[in-house]
Every structure is written in C-alpha cells, then in structure tokens.
Amino acid sequence: MKTAYPTFIAKNDNCCLVFVPDFEIYTEGSSFVDAIEMARDAIASKGITYENEGIIVPRPSDSEEAISKAEAEADDIFDYSKGVLTYVDVNFSEYREKYDNRMVRRNVTLPAWLNYEAEKINLNVSKFLQEALKEKVASK
C-alpha cells in the first residue's frame, strides 16, 4: 500500500537537509530531487524494520502535526520548519520486494512419494515453491 509522509527539506550550504517527523529521520541530498529520494529510501527502510520487529508503523501526520513536530525539533543551529514541507510517497511492500532479498530458511513437510517424484525429475523444490508463492502473493 502506498502512503505519503510529510517531509521537510531545507537548503543548507551545498546540500538539502531532510527531516521526516513521523519517523524522526534526518538525512540529506545533494539536490531537492536527491533529498526526496533519500527520504523515500530512509522512510521505507525504517518502516520495514518496524514491521520486522513488530513495531506499529506510524500513520502519516497531517500538515499541522508535522509543522508542530518540526518546530519542536528546532534549535539554535537549524529549524526544519522553515524548510519546504512536501509529502514523500512510499510503498513498503514494493520496497521490501525490491531490497529485502535475504533468504529465510523454512522447513517444508512433503509426502515421501511426492519428494521421490520431485527428485526423479530433478525439480528444485525450493525454487518451485518460491515461484508458486510469488504468483500467489501477486494475485492477492
């Protein structure tokens, strides 16, 4: 599911500083476009980490809440609330599919006859299950 999070981007010297209040993320980009891409990557990465750890992914704040959170983070050095407030869209499922490709070991129980037949035709059961699961998830 795609959602959009409020994000502040402020020019500072030769870069654009980024603050995503709902995740308390700070990052930067070399340009405004790069800053948006860095924010999207940081939000998605932290979001799937939350999901993996069973932490509820925060809902996006409305603009008033976001401004309030940014003002609370302001200090004598920098005030993100003076930057541009934009919304960065993120699809956690899409990000996970693209970047979270680590392998997870799963035990599968098969009837002996089925295992025998699979071995007889040199069927890679792990690969077959991956393909079947991808098809099933895609049709969901």
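What counts as what
- Residues numbered from 1 in each chain as written.
- Predicted model: local features only at pLDDT ≥ 70, side-chain atom pairs only at ≥ 80, totals over all residues.
- Heavy atoms only, no water.
- Buried < 20%, exposed > 50% of the residue type's maximum accessible area, 1.4 Å probe, protein only.
- Helix = DSSP H or I, 4+ residues; strand = E, 2+ residues; numbered from the N terminus.
- Pairing = 2+ DSSP bridges.
- Polar contact = N/O pair within 3.5 Å; in protein donor to acceptor, adjacent residues only side chain to side chain.
- Contact = heavy atoms within 4.5 Å.
- Phe/Tyr/Trp six-rings, centres within 6.5 Å; stacked < 30°, edge-to-face > 60°.

Visitor: Mind showing me how you'd approach the pairing of strand 3 (residues 25–29) here?
Guide: Where a strand is regular, its side chains alternate between the two sheet faces. Only one face of strand 3 is buried, namely the one carrying Ile 25, Thr 27 and Gly 29, since none of Tyr 26 and Glu 28 on the opposite face is buried. Counted along the chain from strand 2 (residues 15–20) to the antiparallel partner strand 3, the turn is 4 residues long, and its residue Glu 24 has a positive phi close to 55°.

Visitor: What am I meant to see in the side chain of Thr 7 here?
Guide: Relative to the helices and strands, Thr 7 is located in strand 1 (residues 2–12). Looking at Thr 7, the relative accessible area reads 0%, which means it is buried. Engagement of the side chain of Thr 7 in a polar contact is seen with the backbone oxygen of Tyr 5, the distance being 3.2 Å. The contacts of Thr 7, once residues within four sequence positions are left out, are Val 18, Phe 19, Val 20, Ala 39, Ile 43, Val 84, Leu 85, Thr 86 and Val 88.

Visitor: So what exactly am I meant to see when it comes to the packing of aromatic side chains here?
Guide: How two aromatic rings sit relative to each other is set out by the distance from centre to centre and by the angle between their planes. Tallied over the entire structure, the rule returns 8 aromatic pairs. Between Tyr 5 and Phe 92, the aromatic rings sit 6.4 Å apart at their centres with planes inclined by 65°, giving edge-to-face as the arrangement. Of this pair, Tyr 5 sits in strand 1 while Phe 92 is found in helix 3 (residues 92–99), placing the two residues 87 residues apart along the sequence. In this structure Tyr 5 comes out as buried when scored by relative accessible area, which is 2%. By relative accessible area, which is 8% here, Phe 92 ends up buried.

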